[in-house]
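As a plain string of letters, each chain reads:
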Amino acid sequence: MKKRTVALYSRNTVLSTIGACLQKNTVFQIEQIDGPSEIIGKVSPPDVILFDFETAQPHFFLSMMRDHPTTMFIGVDLANNEMLVLSVDSSRQLTIEDLVQSIEKRSFPGEL
């Protein structure tokens, strides 16, 4: 089974604790990153980048999501006891039909 690389983008107690918990699972390889420069130029980017939603810089994620569409970004928001999962489903040729399909695939709150 392939190990999944999980990068922690922040040096705080919350992410360190989450990283320590994930490290116990042999499926994950945990890395610490301090910014985009540590990902740019890597042969393969992390499978997941875990970040603190309160301290994150949005421009980092927008450019990273475009450059590495297979990476999943998970923002942890302890103040609201939530996590935000960001992933890319991109299309090279955007047509109205592509747009409609993307919206239709999305489940909205209250739907089964």
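Residues numbered from 1 in each chain as written. Predicted model: local features only at pLDDT ≥ 70, side-chain atom pairs only at ≥ 80, totals over all residues. Heavy atoms only, no water.

S.K.: Sorry if this is basic, but what is going on with the pairing of strand S1 (residues 4-9) here?
M.R.: Two faces make up the sheet, and in a regular strand the side chains alternate between them. In terms of burial, S1 is largely enclosed, as five of its six residues are buried. In this fold, the crossover linking S1 to strand S2 (residues 28-33) by way of helix H1 (residues 13-23) has right-handed handedness. Two strands pair when backbone bridges link them, and S1 and strand S3 (residues 48-52) are joined in this way by four bridges, in the parallel orientation. Residue leucine 8 lies in a different strand from S3, and its bridge partner there is leucine 50. (Buried < 20%, exposed > 50% of the residue type's maximum accessible area, 1.4 Å probe, protein only. Helix = DSSP H or I, 4+ residues; strand = E, 2+ residues; numbered from the N terminus. Right-handed = clockwise from strand over helix to strand, strands pointing away. Pairing = 2+ DSSP bridges.)

S.K.: What should I look at first to understand the nonpolar core in this one?
M.R.: In terms of nonpolar packing, the biggest core is built from 11 residues, these being Ala7, Tyr9, Ile33, Ile39, Ile49, Phe51, Phe60, Phe61, Met64, Met65 and Phe73. Broken down by element, the residue count for this core peaks at four residues, all from helix H2 (residues 58-67). For methionine 65, the contacting residues outside a window of four places in its chain are Phe73, Leu86, Ser87 and Val88. Counting residues in hydrophobic clusters, the runner-up holds eight residues, among them Val6, Leu15, Ile74 and Val76. (Core = buried A, V, L, I, M, F, W, Y, C linked by side-chain atoms within 4.5 Å. Contact = heavy atoms within 4.5 Å.)

S.K.: What exactly am I supposed to notice about unusual backbone geometry here?
M.R.: Keep in mind that most residues, glycine aside, have a negative phi and that most peptide bonds are trans. The backbone phi angle of asparagine 81 is positive, close to 55°, even though this residue is not glycine. Looking at asparagine 81, the relative accessible area reads 70%, which means it is exposed.

S.K.: Can you help me understand the sheet that holds strand S5 (residues 82-86) in this one?
M.R.: Within a sheet, each strand pairs with its neighbour through backbone hydrogen bonds, oriented either parallel or antiparallel. Taking strand neighbours across the sheet as the criterion, the five strands line up as S2-S1-S3-S4-S5 in an open arrangement whose pairing is mixed. Of all strands in the sheet, those with a lone pairing partner are S2 and S5, marking the two edges. When the angles between neighbouring strand axes are averaged without regard to direction, this sheet yields 20°. Sheet topology note: the S1/S2 ladder contains six bridges and is parallel. Each residue of the ladder has a partner; that of leucine 8, found in S2, is glutamine 32. (Axes fitted to C-alpha atoms, helices over the stretch in contact; angles between N-to-C directions.)

S.K.: What is the right way to look at H2 in this model?
M.R.: For an α-helix, the turn length of 3.6 residues means that residues three or four places apart are oriented alike. Burial in H2 covers these residues: Phe60, Phe61, Met64 and Met65. Along the long axis of H2, the arc covered by the buried residues comes to 120°, so they all point the same way. Projecting away from the buried face of H2 at angles above 90 degrees are the exposed residues Pro58, His59, Leu62, Arg66 and Asp67. Where H2 is buried, its residues contact S1, S3, strand S4 (72-77) and S5. (Arc of directions from axis to C-beta.)

S.K.: What is the right way to look at the side chain of asparagine 12 in this model?
M.R.: Within the secondary structure, asparagine 12 sits in the loop between S1 and H1. At 2.8 Å, the side chain of asparagine 12 and the backbone nitrogen of leucine 15 are in polar contact. Here the side chain of asparagine 12 touches aspartate 52 through a polar contact of 2.8 Å, side chain to side chain. (Polar contact = N/O pair within 3.5 Å; in protein donor to acceptor, adjacent residues only side chain to side chain.)

None of this, on its own, says anything about what the molecule does.
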